[in-house]
Amino acid sequence: NQLVIAIDGQSSSGKSTLAKAIAKALGLVHIDSGAMYRALTLYAMRYWGDKLTQLSAQELEGWLQTQYAHMQISFVKDPQTQQNQTHLNQELVESEIRTMEVSNRVSKIAQLASVRTFLIDQQRLLAAKGGVVMDGRDIGSNVLPNAQIKLFVTTSIHTRVQRRLEELKITDPNVTYQEVEANLKARDFDDENRSLAPLIQADDAMVIKNEGLTKEEVLEQAMKYIQK
Ligand code: C5P
């Protein structure tokens, strides 16, 4: 199976959910590129703690250069759910990378040139053999411009906040609607305005508006397009 599918969209637009469903339906491997930026952010947070926000971009890049060789980010299939789980140096970090703390830091770190080069090289390697559905911000436009299928997922800010709140309830029961909304808007701004590979819709992407649709309806729409 040589198929490569790129799915992009804003945070919590439903792109990962759709990517997982497509992977399951077509027997593809799902790669969540955002999880890689999150795992790298967690690595930096563990080392620097609260001092992380005080570092300049230059200081952070300088330190990261000494760390890339020691930072292994990988995906391991969970035997029960059959879904990929993010690992950082062999440690399962799938839940820890989804916390508000990581969400609040990740977009700034994702702007750094060396971070993008480091992770994008790995993303391309992961997709090189085909049989992959990868989701993110710049997958169709930059990471995998030759993907046979490109989807761009959109939905309202309200739905995105609700979705994120549902997910966060498990790990962060005290998180508020306002806090999540502010985080999503700040990340949209950072992701859409950065100089390197910002979030944009690839010219040849098909737009999927999933507002008001169930997961199944969104999958059906995507599958019709994929199988055309
Ligand atoms: O998709 P998710 O919200 O988990 O991604 C976390 C962050 O990683 C995004 O806010 C964005 O800053 C960054 N990211 C990126 N490029 C990608 C995927 C994610 O810059 N392809």
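Up top you'll find the structure we're talking about.
Source: prediction; values computed, not measured.

Student: Can you walk me through the packing of aromatic side chains in this structure?
Tutor: Geometry of an aromatic ring pair is reported as the spacing of the ring centres plus the angle between the planes. Within the structure shown, the criterion is met by 5 aromatic pairs. Taken together, a centroid distance of 6.0 Å and an interplanar angle of 35 degrees make the contact between Y43 and W63 tilted. Here W63 lies in helix α3 (residues 57–67) and Y43 lies in helix α2 (residues 33–48), a separation of 20 residues in the sequence. Take Y43: its relative accessible area is 14%, and that puts it in the buried class. Residue class for W63 comes out buried when judged on its relative accessible area of 9%. Cluster of aromatic residues (ring-pair linked, three or more members): Y43, Y47, W48 and W63.

Student: Help me understand the pairing of strand β7 (residues 149–154) in this model?
Tutor: The side chains of a regular strand alternate, residue by residue, between the two faces of the sheet. β7 sits mainly inside the fold: 5 of its 6 residues count as buried. Bridge count between β7 and strand β8 (residues 206–209): 4 bridges; the pairing is parallel. Looking across to β8, one finds that F152 is bridged to V207.

Student: Please explain the site of the ligand as it appears in this structure.
Tutor: Taken together, 17 residues sit near the ligand, with R38, D138, R187, D191 and R194 positioned nearest. Within the side chain of D138, a nitrogen or oxygen atom sits 2.8 Å from a nitrogen atom of the ligand. Between D191 and the ligand, the recorded distance is 2.6 Å, taken from a side-chain N or O atom to an oxygen atom. Listed by contribution, the elements that provide at least two residues to the shell around the ligand are α2, α4 (100–110) and α8 (177–193). At 4 residues, α2 tops the list of elements feeding residues into the shell around the ligand. Of the residues assigned to the shell around the ligand, the class counts are 4 nonpolar, 5 polar and 8 charged.

Student: What's the story with the sheet that holds strand β6 (residues 132–136) in this structure? I'm lost.
Tutor: Strand pairing within a sheet occurs via backbone hydrogen bonds; the two strands may be parallel or antiparallel. In spatial order, the strands read β2-β6-β1-β7-β8; together these 5 strands make up an open sheet with parallel pairing. Each edge of the open sheet carries a strand with a single partner, namely β2 (29–32) and β8. Geometrically, the sheet is characterised by an average inter-axis angle of 20 degrees between neighbouring strands, direction not taken into account. Pairing between strand β1 (residues 4–9) and β7: 5 bridges, direction parallel. Directly across from I7, in β7, lies its bridge partner L151. On the sheet, helix α1 (residues 15–26) packs against β1, β2, β6, β7 and β8 and is oriented at approximately 165 degrees with respect to β1.

Conventions used here
- Residues numbered from 1 in each chain as written.
- Predicted model: local features only at pLDDT ≥ 70, side-chain atom pairs only at ≥ 80, totals over all residues.
- Heavy atoms only, no water.
- Phe/Tyr/Trp six-rings, centres within 6.5 Å; stacked < 30°, edge-to-face > 60°.
- Helix = DSSP H or I, 4+ residues; strand = E, 2+ residues; numbered from the N terminus.
- Buried < 20%, exposed > 50% of the residue type's maximum accessible area, 1.4 Å probe, protein only.
- Pairing = 2+ DSSP bridges.
- Near = heavy atom within 4 Å.
- Polar contact = N/O pair within 3.5 Å; in protein donor to acceptor, adjacent residues only side chain to side chain.
- Nonpolar A, V, L, I, M, F, W, Y, C, P; charged D, E, K, R; others polar.
- Axes fitted to C-alpha atoms, helices over the stretch in contact; angles between N-to-C directions.
- Contact = heavy atoms within 4.5 Å.

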